[in-house]
Amino acid sequence: MKRLCKLKSTRQLSHAPTTVLTTRRRTLSSSSSSSSSFDIKNVTKSNFESVLKDLRGLLRDADFVAVDLEMTGVTSAPWRESFEFDRYDIRYLKVKDSAEKFAVVQFGVCPFRWDSHKQSFIAHPHNFYIFPRQEIPGSNQCCEFLCQTTSLDFLAKYQFDFNMCIREGISYLSRSQEEEALERISSIYMDESSDSVFGLREDADFPLVRMADVLFAERMKNTIREWRDSLLSKGSGSSEIKQTSTGSSQRFQMVFFKTRPGLALSGFTSRQLRVIKAVTKKHFKDLAYIRVAGEATSPRQLIVYTDSNDDRDLLMKEVKDGLRKEAEIKVRSAVGFRHVIDLLSSERKLIVGHNCFLGKYILFDLWKGYFMYFKFCSTLDTMNADMAHIYSKFIGPLPSTAEDYVSSFQKFFPSIIDTKILLNANGIFRQRLDKNSTSLSKAFVSICPQIALGVKTSGLADRPCVEVEVQVDEKRSSNWNSGAKHEAGYDAFMTGCIFAQACNHLGIDFTLHVLAGDLAKESKLQNYINRLYLSWISGDVIDLSTGICTTDSSASSNLKSRYQEISFPSIVLLWGFPAKLKAREIRACIAQAFGPNSVSTVFHLDESAVFIQFSKPELVSKFLEIKETLSRNNDPISVLHPLSNILNGEYTHAATYDVYRQICSSSISELLFADQAEAVIIKHKTVSSRGKQGNQVFDKENEVGALDEKVDDLMSPPHGYSETDRSAESFYLDEILASK
């Protein structure tokens, strides 16, 4: 069972564990003594600005850009895994939950440029360490994210440098966070009076309740009056102030602020400064107390002389405008790594990823011709939802529906291609690949052995292999090993190499497209660009340019033939039943009530919930009616009903597929699905009691009488049909054998 921990990102991690994780040096080198060795371009906040400047040119000249991400986790609960009974909109909700709750800690960017003279690609792998920390002064918000122990263990296995990530990781703001911060600044400086903005109204009425405050205020009043009188009698050029403060560190310094004479205060406590502000406001109408940005992080406190009320108002306006500008500069400087995302978006280059949307990779285990068991891998490179993370972290909150997400994402990245589509849709690639794997590292070895292993081959279908050179700073090399795999920069490099080889096999003339300047318009790639798979079994593909979901029968025919068709109107969701009940026992109970062929499949989400797919949609309403009847009645006849063993429990509930979507859309993530459903029930009860607009869509034994008229609609079979990827981490072997 996966374990999760929550990490809060703040300016200081005073309670962080003291464990130090070390990492070996990342190099791309060859075992050959004649080959060169070099580092991947690791980027942290210390060298980010210089790297960003160089990256602008590399992206501008690139023919395509490969990307890859490393995250702190994948799923917030076991039932949040992607299952075979998940419709495409459910899959999106689960990916959305993952992107919102886990952090991206490493971002790989690798521009590829075709060199017409050498007839090879030049790759520039960059490995960005990023970390979400609070960078906007005055913001009380801190970033929280989950960590999945299996994912952290995976990263540690491949020598991920956690210390560098936390200490030197580049922070960032999404576009929406930047806009909100700038709007907040505008509201503060536009809607409030000058006195409110600078705290003068509050400090003018600061009560002097302590004797020390009274004595200090009197002393400051005399000191400030002495300086002002000297200024008026002798002129600003010759006026001086006598140090009367008792503290050796407290002093006044004569300065000029925007041609006006003034005093700079230093060494005073915050309480003493409030007393000085109150004294200035109350006793000196021609003096203004202001706070301006200083050279250090702390602001400078000044008392400035003004000639008139108009001059004082002008001064306060200048100060206010200056502080607003300074605040806006700090917000824009906190954008951080998002500058890289903005570059990728503005250059409109073809973005290449591997399994980068919703994909997962399936392992099959065949025995005596029967499909016995399958499960989803938990490794990060096969469970990425890279694009959803990019949107959530650097653009804004993910939309609530897959359709809105696709429409919005297309505005920022008009051309995306997933190499896994190329690998699955092409017969020659499928022959080269291991039948049980299209994972990135294995695909890299199979498709690009001359790069991955240094083995000379004739390429695919008698086409020569594409040569790739790697350049980091001024160093170039065509020899290396794959010791840095599962590091985002190297994984992006592998992704780009696979794509280059695939393009070569398709007969694409790279030199021609260098002259044309737009590889994304190549006609031979149009069947793959902006087409991202939602399900490798059903063949559901979503077109990012149109938002339309279609079925690609050619890519999934082999997988589809193995499984029965899923009919969502025929599915009932059952949860909260006794833990001892197994799938075959549930099937047997239903068979007694509706007939031996009434149930197609019983599928476990986890130990507390199952999907029941009936052979006919009309059986769903009958099943729910019996559940309601058994919940109301507890007479001897009801106890003898065949379904009483699974439906008559105190905590057993049943609902249609639409309720499953509602539960998945909640931001709550309890470990067990039954607990999740109960938590969502409580939430809806609260909304209903406050706003009287909630829908009670759950069959709860002690609340049947309170259900409103909309329950009938929600309990009826939902319209529409779709399929998504199959998972069966909980698909019990006894259930499979029983169906044979």
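Please read all numbers here as calculations on a predicted model, not as lab measurements.

Peer 1: Could you give an account of the overall build of the protein, naming the residues involved and the relevant values?
Peer 2: From N to C terminus, the protein includes 28 helices and 24 strands. Counting only carbon and sulfur atoms, one obtains 49% of the accessible surface of the protein, whose full area is about 33,700 Å².

Peer 1: Outline the pairing of strand E24 (residues 653-656), listing residues and values.
Peer 2: Alternating positions in E24 separate into two faces, His653 and Ala655 on one and Ala654 and Thr656 on the other, with burial throughout. Pairing of strand E21 (residues 571-575) with E24 involves four bridges; the strand directions are antiparallel. Of the residues in E24, the one forming a bridge with Leu574 is Ala654.

Peer 1: Before we move on, can you summarise helix H16 (residues 440-447) with the specific residues and values?
Peer 2: Across the eight residues of H16, six count as buried, placing the element largely inside the fold. Looking only at H16, the buried set comprises Leu440, Ser441, Ala443, Phe444, Ser446 and Ile447. Taken together, the buried residues of H16 touch helix H14 (419-425), helix H15 (427-432), helix H17 (449-452) and helix H18 (488-505).

Peer 1: Talk me through the sheet that holds strand E22 (residues 599-606); I want residue IDs and the actual numbers.
Peer 2: If you trace the four strands from one edge of the open sheet to the other, you get E22-E23-E21-E24, paired in antiparallel fashion. The sheet is open, and its two borders are formed by E22 and E24, each paired with just one other strand. Adjacent strand axes in the sheet meet at a mean angle of 20° when their direction is disregarded. Sheet topology places E21 next to strand E23 (residues 609-614); five bridges connect them, and they run antiparallel. When the bridges of E23 are listed, Leu573 appears paired with Phe611. Across the sheet, helix H22 (residues 618-632) is in contact with E21, E23 and E24; its angle to E24 comes to roughly 150°.

Peer 1: Tell me about H22, residues and numbers included.
Peer 2: Here H22 spans 22 Å end to end across 15 residues, near enough to the 21 Å set by a 1.5 Å rise per residue. Looking only at H22, the buried set comprises Leu619, Val620, Phe623, Leu624, Ile626, Lys627, Leu630 and Ser631. Each buried residue of H22 lies within a common arc of 160° when the element is viewed along its axis, so the set occupies one face. Seen from the buried face of H22, the exposed residues on the opposite side, beyond 90 degrees, are Glu625 and Arg632.

Peer 1: Explain the pairing of strand E16 (residues 467-472) to me, and be specific about the residues and the numbers.
Peer 2: Buried residues dominate E16, accounting for five of its six residues. Of the strand pairs in this sheet, strand E5 (residues 120-123) and E16 are connected by four bridges, and their pairing is parallel. From the neighbouring strand, Ala123 faces E16, where its bridge partner is Val470.

Peer 1: Just give me the short version of the nonpolar core, but keep the residues and values in it.
Peer 2: What tends to happen in soluble globular proteins is that the nonpolar side chains get buried as a cluster. With 72 residues, the main nonpolar core has Phe107, Phe128, Phe337, Phe413, Tyr660 and Phe673 as its most contacted residues. For this core, the element with the highest residue contribution is helix H2 (residues 88-101), accounting for six residues. Ala66, Trp114, Phe510 and Tyr528 belong to the second-largest nonpolar core, a separate cluster that totals 44 residues.

Peer 1: Any chance you could break down the packing of aromatic side chains for me, citing the residues and the numbers?
Peer 2: In the structure shown here, the tally under the stated rule is 41 aromatic pairs. With a centroid separation of 5.7 Å and 45° between ring planes, the pair formed by Tyr129 and Phe160 is classed as tilted. One end of the pair, Tyr129, is in strand E6 (residues 126-129); the other, Phe160, is in the loop between helix H3 (149-157) and helix H4 (162-168), with 31 residues separating them in the sequence. Accessibility assignment for this pair places Tyr129 and Phe160 in one class, buried.

Peer 1: Can you tell me about the confidence of the model for the protein, naming the residues and giving the values?
Peer 2: Averaged over all residues, the pLDDT of the protein equals 76, while 71% of them reach at least 70. Note that pLDDT drops below 50 for residues 358-384; the model gives that stretch 97 contacts with residues more than four away or on any other chain. A low-confidence stretch, residues 685-740 stays under pLDDT 50, and its non-local contacts, those more than four residues away or across chains, total 140 contacts.

Peer 1: Hey, could you go over the pattern of salt bridges for me, with residue numbers and the actual values?
Peer 2: Opposite charge on two side chains allows them to pair when their charged atoms are near. Tallying each qualifying case throughout the model produces 21 salt bridges. Between Asp213 and Arg271 there is a salt bridge whose closest N-O contact spans 2.7 Å. Of this pair, Asp213 sits in helix H8 (residues 211-234) while Arg271 sits in helix H9 (residues 270-283), placing them 58 residues apart in sequence. Glu218 is paired through a salt bridge with Lys221; the nearest N and O atoms lie 3.4 Å apart. Remark: Lys221 and Glu218 occur in helix H8; sequence separation between them is three residues, near one turn of the helix.

Peer 1: Would you mind going over a nonpolar patch on the surface in detail, with residue names and values included?
Peer 2: Taken together, the side chains of Leu208, Met211, Val214 and Leu215 present a nonpolar region at the surface, about 370 Å² in accessible area. With respect to the helices and strands, Met211 occurs in helix H8. The exposed category is assigned to Met211, whose relative accessible area is 59%.

Peer 1: Give a detailed account of the sheet that holds strand E11 (residues 300-305), specifying residues and quantitative values.
Peer 2: Spatially, four strands are ordered E8-E9-E11-E10 in an open sheet, and the strand pairing comes out antiparallel. Each of the sheet's edge strands pairs with one partner strand only, and the pair in question is strand E8 (251-257) and strand E10 (287-292). Neighbouring strand axes in the sheet, compared pairwise and without regard to direction, differ in orientation by 30° on average. Pairing analysis gives six bridges linking E10 to E11, with the strands arranged antiparallel. Across the sheet, Arg291 pairs through a bridge with Gln301, a residue of E11. Most of the contacts of H9 go to E10, to which it runs at about 145°, and overall it touches strand E9 (260-266), E10 and E11. Taken strand by strand, helix H10 (residues 309-333) contacts E8, E9, E10 and E11, and its axis lies near 5° from that of E10.

Peer 1: I'd like a rundown of the environment of Glu522, residues and numbers included.
Peer 2: Here Glu522 is to be found in the loop between helix H19 (510-516) and strand E18 (531-533). The buried category is assigned to Glu522, whose relative accessible area is 9%. For the pair Glu522 and Ile508, spaced 14 residues apart in sequence, the C-alpha separation works out to 7.8 Å. Those residues in contact with Glu522 that lie beyond four places of it in its chain are Ile508 and His513.

Analysis parameters
Residues numbered from 1 in each chain as written. Predicted model: local features only at pLDDT ≥ 70, side-chain atom pairs only at ≥ 80, totals over all residues. Heavy atoms only, no water. Helix = DSSP H or I, 4+ residues; strand = E, 2+ residues; numbered from the N terminus. Areas by Shrake-Rupley, 256 points an atom, 1.4 Å probe, with all protein chains shown as cover. Buried < 20%, exposed > 50% of the residue type's maximum accessible area, 1.4 Å probe, protein only. Pairing = 2+ DSSP bridges. Contact = heavy atoms within 4.5 Å. Axes fitted to C-alpha atoms, helices over the stretch in contact; angles between N-to-C directions. Expected span 1.5 Å × (residues − 1). Arc of directions from axis to C-beta. Core = buried A, V, L, I, M, F, W, Y, C linked by side-chain atoms within 4.5 Å. Phe/Tyr/Trp six-rings, centres within 6.5 Å; stacked < 30°, edge-to-face > 60°. pLDDT = per-residue confidence, 0-100. Salt bridge = Lys/Arg side-chain N within 4 Å of Asp/Glu carboxyl O. Patch = residues over 30% accessible without salt bridge, like charges linked within 9 Å, V, L, I, M, F, W, Y side chains within 5 Å.

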